[in-house]
Amino acid sequence: MRQAFARWDTLGLRLFLLMWLALVLSHAAAWGWNQLGASQPSHRPPGLGDGPPALRSGASPPPGAPHPPGEGPPRPPAPRAEGQGDWPTFPSLPPMSMDGGPGLPAGALMADYGIRLLLIALASWWGARWLARPMAQLSAGAQGLERALSLGLKPPQLEEHSGTREVRQGAAAFNQMAAQLKRQFDERGLMVAAMSHDLRTPLTRLRVRLEGAPMPEEWRARSISDLQEMSALIDTTLEVFSLQSRPPGAWQRVELSALLQAVADDAAELGQEVQSLATEPVYAQTDPLALQRIVGNLVSNAVRYGQRARLSLQRDSESRLCIHVEDDGPGIPPALLAEVMQPFVRLEASRNRETGGVGLGLYIARELSRRLGAELHLRNHASGGLQAIVRL
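Residues numbered from 1 in each chain as written. Predicted model: local features only at pLDDT ≥ 70, side-chain atom pairs only at ≥ 80, totals over all residues. Heavy atoms only, no water.

Draft legend 1. Quick look at the overall build of the protein. Within the protein, the regular secondary structure consists of ten helices and seven strands. When burial is assessed residue by residue, the protein has 30% of its 392 residues classed as buried. The long-range share in the protein, meaning contacts at least 24 apart out of those at least 6 apart in sequence, stands at 64%. Counting only carbon and sulfur atoms, one obtains 61% of the accessible surface of the protein, whose full area is about 25500 Å². (Helix = DSSP H or I, 4+ residues; strand = E, 2+ residues; numbered from the N terminus. Buried < 20%, exposed > 50% of the residue type's maximum accessible area, 1.4 Å probe, protein only. Contact = heavy atoms within 4.5 Å. Areas by Shrake-Rupley, 256 points an atom, 1.4 Å probe, with all protein chains shown as cover.)

What follows is the structure, encoded as structure tokens:
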């Protein structure tokens, strides 16, 4: 029986039933309110023009009573069917019917329509939330899908056997799309890993042959340098694609000032000018290895283009911890601040890897920041240079 009902369960049918139910309930509530008011005794004193009580009530005067001058004898009331008048029609009667007979008073009429308006408005508000609930579930599923694909997790699944026919069809299409995207991401990672494995062997053979080949030493050194550069490029590209399949690291309580100082010390051992200005102990729950890699990539980028880097810890207007990495370089044109975090984007015009890098450092830092639930922003400092901000 449930499957038979599911064939007719559509958004249009649900909206029709909801509006019909709201109309019936509002009609019943308005009738009940007017009946309650009619049952209360009236305290209005009789005034001029009210006429005798019998005439005010619409009943026939008693036998032998004189009728008003200029009027004939009153007409007998129309026969009233059994049950007639117990349930008012919709819309409500006007204050005075067309034939001059009694109708709802103006106050009762306003209360009648006010109650109907209130109940229909409440039904519309509840119905909008009821009908929009599948859209909220779809939106949450889309957000969860992005996170699942970036972390290599199983994509979320929407319920395909509940809701209207349109909702079930949308959930089935979403689940199918999520499964296809996950399969494509996994196949891409496997393909890159296979290509990397297959390229390592011939590159190693070429390097061994060049080392023993009779050629000028300068040629040999340059050829071996090119092979090493190709191998490093393959390793970096493989790391980018492995970010989607690598499970997230374990989170723990990390002292951020000590982490920044460790990054500065490692850079100093390589002869780079990096200074950590964070001295106060500040703790955060995060993945220390991923955060250290993020700061290390930003420091390498700052040293390459700005000769030196400064690390600091601050809090923004929302009291969020922010890691600042500043340099004294030329900065980045504002129109390219978002583009430089795309893979293989290099602002350096030459093809020299020593001066321009591969173009993956900022991209890896951004992807790792997303895995930590953080945000990476770039902006040009007012005093010159580039400022990279990681909001934890």
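Draft legend 2. Expanded view of the pattern of salt bridges. Following the criterion strictly, the structure yields nine salt bridges and no others. Residues glutamate 326 and arginine 310 are paired through a salt bridge, measuring 3.7 Å at the closest nitrogen-oxygen approach. Here the residue glutamate 326 occupies a position in strand 5 (residues 321-327), and arginine 310 occupies one in strand 4 (residues 308-315), the gap between them amounting to 16 residues. According to the relative accessible area criterion, glutamate 326 is buried, its value standing at 14%. Residue classification places arginine 310 among the partly exposed residues on the basis of a relative accessible area of 24%. With its nearest N and O atoms 3.5 Å apart, the salt bridge here joins arginine 391 to aspartate 316. With arginine 391 in strand 7 (residues 386-391) and aspartate 316 in the loop between strand 4 and strand 5, this pair connects stretches of sequence that are 75 residues apart. Shared partners join several salt bridges into a network, and the residues in it are Glu273, Arg308, Arg310, Glu326 and Asp328. (Salt bridge = Lys/Arg side-chain N within 4 Å of Asp/Glu carboxyl O.)

Draft legend 3. How the structure looks around the pairing of strand 2 (residues 273-276). Because side chains alternate across strand 2, one face comprises the buried residues Val274 and Ser276, and the other comprises Glu273 and Gln275, none of which is buried. Where strand 2 lies against strand 4, four bridges are found, and the strand directions are parallel. Within strand 4, the residue paired with serine 276 across the bridge is leucine 311. (Pairing = 2+ DSSP bridges.)

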